[in-house]
Amino acid sequence: MKARFFKAVKVQELLAAVGENLELYRAGNFDFLVNDPANYFETDFEINADKLSRIDCGKDNLKEVENCILMYEAMGKISHYLARDERLWIYLTHTLLLSYVRNRWPIPDDDEKAIKYIRNHFFCIGARGIERDNASSRLWWMASLCNRTDGLSLEEALACLLFQSDVRANIVERPTTSQNIRIFSAILKKLYESYKVDKKLFERDRFRSVMKWLNLAGGVKLLGALPEIKIMNILEEGIEKAN
Amino acid sequence: MKFDKYKAFPYPVLRPESDDYKDGEFQASVEFAIDKDTIKVSIGYALSAEEITNEILKGNAEYVCMISCRDTYFQQVISTPEKKIEADFDIGAMRGEVKVNPYVVVKKAITSFIAPDINPEFGSGPFQFVEGDVLAQDEAQVFYIDRDLFKPITSVFDLVKKDDLSDGLWTVGFEEDHIQIEVSPKMKEAIDAARNDHKKRVVLLNSIYFAAVMQAVQNLKDPNENFEGKKWAEVIRRQAHNKGINLEGHDAYYIAELLMQQPIKLLDAYVFKGVDL
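Residues numbered from 1 in each chain as written. Chains lettered and ligands numbered in written order. Predicted model: local features only at pLDDT ≥ 70, side-chain atom pairs only at ≥ 80, totals over all residues. Heavy atoms only, no water.

For chain A, the count of helices and strands is 17 helices and two strands. For 243 residues, the compact-globule formula gives about 18 Å, and the C-alpha radius of gyration of chain A, at 20 Å, lands near that figure. Overall size of chain A, expressed as C-alpha extent along the three principal axes, is 60 × 40 × 30 Å. When burial is assessed residue by residue, chain A has 53% of its 243 residues classed as buried. (Helix = DSSP H or I, 4+ residues; strand = E, 2+ residues; numbered from the N terminus. Rg over C-alpha atoms; globule rule 2.2 N^0.38 Å. Buried < 20%, exposed > 50% of the residue type's maximum accessible area, 1.4 Å probe, protein only.)

The following block contains the structure:
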C-alpha cells in the first residue's frame, strides 16, 4: 500500500481533542479518519501493510528487536527526510498500529495520566518525540541507526542498543556518538562483545565512565575524522580504565 | 567537537577570537543548493597561516568539514587538501538544522612544528601533533534544509478568492500556514489566466507578490506580532538565514528584494527589453 500522511491541520485537531477522544483511544478506533480522504494525503512510496500488521507485543515480551526490524522492513526505502515527518507516524499510530500502541503502552485509567500517555506515544511531542516516544517512529529510527553499524547484523546491533535503556539514552542522545557512523559502530561492537560474554559494559557506572573518556578524548581530537581502528583504540583504553 | 571560544586546547589552535596565534586567520565559506534529487554543498577555505598551509601541502594535515544534521542523525566528514571542494548528498539525507564545522586536522604525525605567530605562552616549540589533532578551527555555520526553503519564496503564498472584495482591491491574510492573497472572484480568474504567461507572471511577481512578501517581512519584524508555528513565517525566516539576511538589519522592501532574488531584473529582461522565451 502507499504510505499516507495525515494533513497537518488534522494532526492539530487530533492533538487538541485527545481529552474528548479518550474512549476512542481506549477501546474504539479512528476508522472515520481513514474513510474520509480529506483527512490525509497519499504518497508515492510503498509500505508493507502485512509486516506492519505483524508488529505486536505482550505484557512480558515487548519484542522490541523483532518489531524494530519489522517496522524497518515495512517502511521500505523511506528517506530520513520523510521519516522525520510526524504526520506519517501519527497516521500509523491512529490506524494500522492502534492495537500495538495500546498493548505497548496501556492507557492508564486516570484520565489526566491517559492524556499525557496518548500525547507521548500516539503523537510526536517535543524535540525527541519522533525517535524516542512515538510508538511507531521510535521503532524505525532505532532500526535505522543500528542498520548503519559496520560489522554487526541489524539484529545484533539492535539487541545491544535495546538491552539497557540507560546505555541506549547515553548513545542516542549524544550527537557525537549517534551521528558519526564510525564512532557509533565502534561502541556497538564493544557492547556486542560484552553482550556475548558477561554484559559488564552495560553496567551504568562503567558505561558512563567510558562515555566520559570518549568525551574527553573528543575534546582535543576530532574523533569523527579518525579511522575506526583509532577510535576503537581510544575506546578500548577507556574500557580498560573503567575496569 | 564544538567551536567554543572559551575552550583551551593543550596545544595551539588557530581560531577566531583566540590568541593561540598572534596573527593569521582560518575561514570557511559554505553554500548549499538543492535540486530534485541532490543536496549540493560547496566549501571554500581561506587560511593565512603559512606554516599550517605547508603541513597541508606536505600531506600531514588536511581541510576537514563535518556536516551534521541532528534530526536525521546524518554526519559526513569531508576531507581534502584542496581549498575548494564540492560534495553531493541524497536529497533525503538531511532535514531541518544542519551544522557545518570546518577544521584543519592532522592526518600524519607532525614531529616538529614551528610558527612564529604562536603565542609564547605555549613555549617556543617545536610542537608535536598526532593524528586527529586540530591545527585550525572556524566557527560552526548553521543552515536549514527543507525542500520548501529552496523553492521560490512565493511557494508559501496561496491566491484565494474572497467573495466580498471589489475587483480593484486585494488583501493579505497571515493566519494560515500559507499566506493568503485574497482577491475578488473575477480578479482570481484573471490572475489565474495571467499565471500561464511568463511575462504576465513577471508582472505579478513585481506587483502583488512583491507587496505581499514585503508585508510578511514587515510583520516578522514587528515585535508585537507572533507568527510562531506558521509555515510561511518559518520559511521566510530560514530562507533569510540561509541567505545571510538579518531581518532587523534592513528595511522590509530591501529584504523582499533579496528574498525574491531581485525580481526587477526579470521585469527588465522580459517586459522592458521584451526578451522572448
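In this complex, chain B contributes 30 residues to the contact, which on the side of chain A involves 28 residues. Roughly 2400 Å² is buried in total at the junction of chain B and chain A, and carbon and sulfur atoms are behind 53% of that figure. Of all residues in chain B, R70, Y73 and R95 of chain B give up the largest surface area on contact with chain A, accounting jointly for 33% of the area buried on that side. Between chain B and chain A we count five salt bridges in total. A salt bridge links E131 of chain B to K230 of chain A, with the shortest nitrogen-to-oxygen separation between them at 3.4 Å. Among the elements that line the side of chain B that touches chain A, the one with the most residues is strand 3 (residues 61–69) of chain B, at four residues. (Contact = heavy atoms within 4.5 Å. Buried area = accessible area lost by both parts, 1.4 Å probe. Salt bridge = Lys/Arg side-chain N within 4 Å of Asp/Glu carboxyl O.)

With respect to the helices and strands, D85 of chain A occurs in the loop between helix 6 (80–83) and helix 7 (86–94). Judged by relative accessible area, which is 6%, D85 of chain A ranks as buried. When near neighbours in sequence (up to four residues on either side) are disregarded, D85 of chain A contacts F5 and I130 of chain A together with R95 of chain B.

Bringing the confidence of the model for chain A into the picture now. With 100% of its residues at a pLDDT of 70 or more, chain A has an overall mean of 94. Within chain A, the element-level pLDDT minimum falls on helix 14 (residues 175–179) of chain A, averaging 85, and the maximum on helix 5 (residues 64–74) of chain A, averaging 97. (pLDDT = per-residue confidence, 0-100.)

In terms of burial, strand 4 (residues 74–80) of chain B is largely enclosed, as five of its seven residues are buried. Hairpin geometry of strand 3 of chain B and strand 4 of chain B is characterised by an intervening segment of four residues between the two adjacent antiparallel strands and by a positive phi of about 55° at Y73 of chain B. (Pairing = 2+ DSSP bridges.)

So, about helix 17 (residues 228–242) of chain A. Taking 1.5 Å of rise per residue, the 15 residues of helix 17 of chain A would be expected to cover 21 Å, and the 21 Å separating its terminal C-alpha atoms lies within 8% of that figure. Where the residues of helix 17 of chain A are buried, they touch helix 15 (181–196) and helix 16 (204–220) of chain A. (Expected span 1.5 Å × (residues − 1).)

For the rest of this paragraph, the subject is the layout of surface pockets. Considering only enclosed or pocket space, the largest pocket measures out at about 1900 Å³ in volume. As for the largest pocket, its lining consists of 50 residues, of which D85 and E86 of chain A together with R95, K231 and E234 of chain B are closest to the centre. Considered class by class, the residues forming the lining of the largest pocket number 20 nonpolar, seven polar and 23 charged. (1 Å grid on protein atoms, 1.4 Å probe; cavity = no way out; pocket = protein on both sides within 12 Å on 5 of 7 lines; lining within 4 Å. Points joined across faces, edges and corners; volume = space filled by probe spheres on them. Nonpolar A, V, L, I, M, F, W, Y, C, P; charged D, E, K, R; others polar.)

What characterises a pair of aromatic rings is the spacing of the ring centres plus the angle enclosed by the ring planes. Scanning all chains against the criterion turns up 27 aromatic pairs over all chains. Here F5 of chain A and F41 of chain A contribute two aromatic rings whose centre-to-centre distance is 5.3 Å and whose plane-to-plane angle is 20°, an arrangement assigned as stacked. Of this pair, F5 of chain A sits in strand 1 (residues 2–6) while F41 of chain A sits in strand 2 (residues 40–46), placing them 36 residues apart in sequence. Classification of F5 of chain A by relative accessible area gives buried; the value is 1%. The exposure class assigned to F41 of chain A is partly exposed, which follows from its relative accessible area of 30%. Relative to Y254 of chain B, the ring of Y253 of chain B lies with its centre 6.5 Å away and its plane at 75°, an arrangement referred to as edge-to-face. By relative accessible area, which is 42% here, Y253 of chain B ends up partly exposed. An aromatic cluster of three or more residues is present, and its members are Y72, W89, W140 and W141 of chain A together with Y73 of chain B. When the ring centre of Y81 of chain A is taken as origin, the NZ or CZ atom of R95 of chain B, which lies over that ring, is 4.2 Å away. (Phe/Tyr/Trp six-rings, centres within 6.5 Å; stacked < 30°, edge-to-face > 60°. Lys NZ or Arg CZ within 6 Å of the ring centre and 35° of its normal.)

Residues and elements named next belong to chain B. Spatially, three strands are ordered 1-2-5 in an open sheet, and the strand pairing comes out antiparallel. A strand with exactly one partner marks an edge of an open sheet, and here the two such strands are strand 1 (26–34) and strand 5 (84–90). The sheet shows a mean angle of 20° between the axes of neighbouring strands, direction not considered. Sheet topology places strand 1 next to strand 2 (residues 38–47); nine bridges connect them, and they run antiparallel. The residue bridging I34 from the neighbouring strand is I39, located in strand 2. (Axes fitted to C-alpha atoms, helices over the stretch in contact; angles between N-to-C directions.)

Turning next to the sheet that holds strand 11 (residues 157–161) of chain B. All names here are of chain B. Ordered in space as 11-13-12, the three strands form an open sheet in which the pairing is mixed. The open sheet has two edge strands with one neighbour each: strand 11 and strand 12 (171–173). Averaged over all neighbouring strand pairs, the angle between strand axes comes to 30°, with direction disregarded. Where strand 11 meets strand 13 (residues 179–183), five bridges bridge the pair, whose relative direction is parallel. When the sheet's bridge partners are listed, K161 is paired in strand 13 with V183.

Cis geometry marks the peptide bond from G125 of chain B to P126 of chain B, where omega comes out at 0°. Residue position: P126 of chain B is located in the loop between strand 7 (110–113) and strand 8 (127–129). For K63 of chain A, which is not glycine, the phi dihedral falls at a positive 50°. Of note, K63 of chain A is situated in the loop between helix 4 (49–53) and helix 5. On the basis of relative accessible area, K63 of chain A is assigned to the partly exposed category, the value being 29%. Non-glycine residue Y73 of chain B carries a positive phi angle of around 55°. Topologically, Y73 of chain B is positioned in the loop between strand 3 and strand 4. The class for Y73 of chain B is buried, based on a relative accessible area of 2%.

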